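# Architecture at a glance
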Amino acid sequence: MSSTTSRPPDNAILPQTAPEQRWQQAWRETDTRLRSTTRAAAAATAPVVSRSARVNKLDADLLDAELTDMLREPVTKALSLLKPGLIDTYRLEVDTLIRALLFWLSVGSHRRATYGQALQNLTYKTSNNRRLGWRIHLFGIVSIGGGYLWTQMTKRMSYDGWADAPRKSLRNRLWRLATWMEKMSRLAALANLLAFFSAGQYKSVVERLLGLRLVNARPQLSHSVSFEFLNRQLVWHAFTEFVMFALPLVNPARARAWVVRSTRSLLRLPQISIDPKVAELPGNVCAICYTDADKQTDTQVDLESCVCVNPYITECGHRFCYVCVKTQMMAEGDEFVCLRCGCRVTSICAYSET
């Protein structure tokens, strides 16, 4: 018999791979396709930057202004207890100090947003997120410190009558320059406001110059309500109420005299520095009247105007006006010392020539 090569029939089934191998191969192919598709989509899609609403930025300014007003009221009441009319003299300084303090506690820290902006879920950012720290600090210096200096300068120029100076004088030229600069700043603020209504990016000229934009701190939230500001306000209110309660109980003159006496005692110095001119005054001259008059004038004090009125004598044998010595004793209490010899004064009696 001749040997012949056997061929499988056409309808024979060829051996196949195991089911586990087919599943693993299909998964590898699918995973490769998914990864390539994800990378292509990420490269083709531009990053989406959420634009915060303009009304949120304006509301943040209103919240900051209300916070400043709320802090100004207790500070005004506390300062009014020290000296009447003191707050009217330094109102601008107090407002600037409050704004600077709030800016330093909020924007100057790691928050990068004021308390009002934090309540509106806003934060400051730059285009490339570089050099953000010094830009924020410069923004605070220009917006708060620059505004204070400009207001003080224009107020002083107005009080000194620079506008009424001769037209060719230096003062009048500087006044006209300041007026022109103020007009230009207002026009720039108006143009920036219109641009803000259109684009919604920079709400002030300083922010536009420094490239500081307000964006959503957390884009997934439209508003971020935090009670941290309310807690701080409650603590501040309680503290100012305590100061208003305790301040009338403190005698500033007596406290100052006690500090001076304690300091001089630690340094082993006399209780008071005796002025030789006061020590050599005639016996009928009130040393308190002479000292007050000497502080108010640069010329020599007329001794006739300082003669004791209704004289009273102290334990150390020196005479003073009754009103002067009694006022000092009521103000400084046991800390009052004689201006002539430095002895402590605890009692007085009417002086008689006989």
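On a predicted model such as this, the values are computed, not experimentally measured, just so you know.

### Describing the overall build of the protein
Looking only at helices and strands, the protein has 13 helices and five strands in total. Counting all 354 residues of the protein, 26% fall into the buried class. Here the contacts in the protein between residues at least 6 apart in sequence split such that 61% fall between residues at least 24 apart. Entry remark: accessible area of the protein is about 24,700 Å², with carbon and sulfur atoms responsible for 60%.

### Thoughts on unusual backbone geometry
Even without being a glycine, N121 presents a positive backbone phi close to 60°. Note on placement: N121 falls in the loop between α5 (115-119) and β1 (122-125). For N121, a relative accessible area of 2% corresponds to the buried category. Phi at N310 is positive, roughly 55°, even though this residue is not glycine. Within the secondary structure layout, N310 lies in the loop between α12 (287-296) and β3 (311-314).

### Topic: the environment of C289
With respect to the helices and strands, C289 occurs in helix α12. Here the alpha-carbon distance between C289 and C321, two residues 32 residues apart in the chain, equals 8.1 Å. With residues near it in sequence (within four places) discarded, C289 still touches C306, C321 and C324.

### Some remarks on a nonpolar patch on the surface
Side chains of L170, L174, L177, W180, M181, M184 and L187 sit close together on the surface and give an oily, nonpolar patch of about 690 Å² of accessible area. Within the secondary structure, L177 sits in helix α7 (residues 170-199). Among the residues examined, L177 registers a relative accessible area of 42% and is labelled partly exposed.

### Observations regarding the side chain of T68
Note that T68 resides in helix α2 (residues 54-82). Residue classification places T68 among the buried positions, given a relative accessible area of 11%. Non-local contacts of T68, meaning those with residues more than four positions away in its chain, are made with I98, R99 and L102.

### Looking at the layout of surface pockets
Using a probe with the size of a water molecule, rolled over the atoms, empty space left in the structure can be pinpointed. Here the largest pocket defines a volume of roughly 970 Å³. As for the largest pocket, its lining consists of 32 residues, and the residues nearest its centre are R99, F139, S143, I144 and S204. Elements supplying a minimum of two residues to the lining of the largest pocket: α2, α4 (91-105), α5, α6 (132-159), α7 and α8 (205-210). Split by residue class, the lining of the largest pocket holds 14 nonpolar, eleven polar and seven charged.

### Considering the packing of α2 against α7
It is at 9 Å that the axes of α2 and α7 come closest, and there the two elements cross at 135°. By the criterion of interaxial angle, the relationship of α2 to α7 is oblique. Facing α2, whose interface residues are R54, K57 and L58, α7 presents F196, F197, S198 and A199. The residue makeup of the contact of α2 with α7, split by class, is four nonpolar, one polar and two charged.

### Structural notes on α6
Along its 28 residues, α6 runs 40 Å from first to last C-alpha, staying within 8% of the 40 Å computed at 1.5 Å per residue. Of all bends in α6, the biggest is about 30°, found at G146. Looking only at α6, the buried set comprises L132, R135, I136, F139, G140, I144, T154 and M157. Looking at the packing, one finds that the buried side of α6 touches α4, β1, α7 and α8.

### A short note on the sheet that holds β3
An order of β4-β3-β5 is seen for the three strands of this open sheet, with the pairing classed as antiparallel. Each edge of the open sheet is held by one strand with a lone partner, namely β4 (319-321) and β5 (348-350). Put simply, the sheet's adjacent strands are angled 40° from each other on average, direction ignored. Sheet topology places β3 next to β4; three bridges connect them, and they run antiparallel. Along β4, the bridge assignment pairs Y312 with F320. In this fold helix α13 (residues 322-332) packs onto β3, β4 and β5, with an angle of close to 90° to the strand it touches most, β4.

Thresholds, definitions, all that
- Residues numbered from 1 in each chain as written.
- Predicted model: local features only at pLDDT ≥ 70, side-chain atom pairs only at ≥ 80, totals over all residues.
- Heavy atoms only, no water.
- Helix = DSSP H or I, 4+ residues; strand = E, 2+ residues; numbered from the N terminus.
- Buried < 20%, exposed > 50% of the residue type's maximum accessible area, 1.4 Å probe, protein only.
- Contact = heavy atoms within 4.5 Å.
- Areas by Shrake-Rupley, 256 points an atom, 1.4 Å probe, with all protein chains shown as cover.
- Patch = residues over 30% accessible without salt bridge, like charges linked within 9 Å, V, L, I, M, F, W, Y side chains within 5 Å.
- Salt bridge = Lys/Arg side-chain N within 4 Å of Asp/Glu carboxyl O.
- 1 Å grid on protein atoms, 1.4 Å probe; cavity = no way out; pocket = protein on both sides within 12 Å on 5 of 7 lines; lining within 4 Å.
- Points joined across faces, edges and corners; volume = space filled by probe spheres on them.
- Nonpolar A, V, L, I, M, F, W, Y, C, P; charged D, E, K, R; others polar.
- Axes fitted to C-alpha atoms, helices over the stretch in contact; angles between N-to-C directions.
- Parallel < 35°, antiparallel > 145°, perpendicular 65-115°, else oblique.
- Expected span 1.5 Å × (residues − 1).
- Bend = angle between axes of the 7 residues up to and from the residue.
- Pairing = 2+ DSSP bridges.

None of the figures reported here should be taken as evidence of function without further support.
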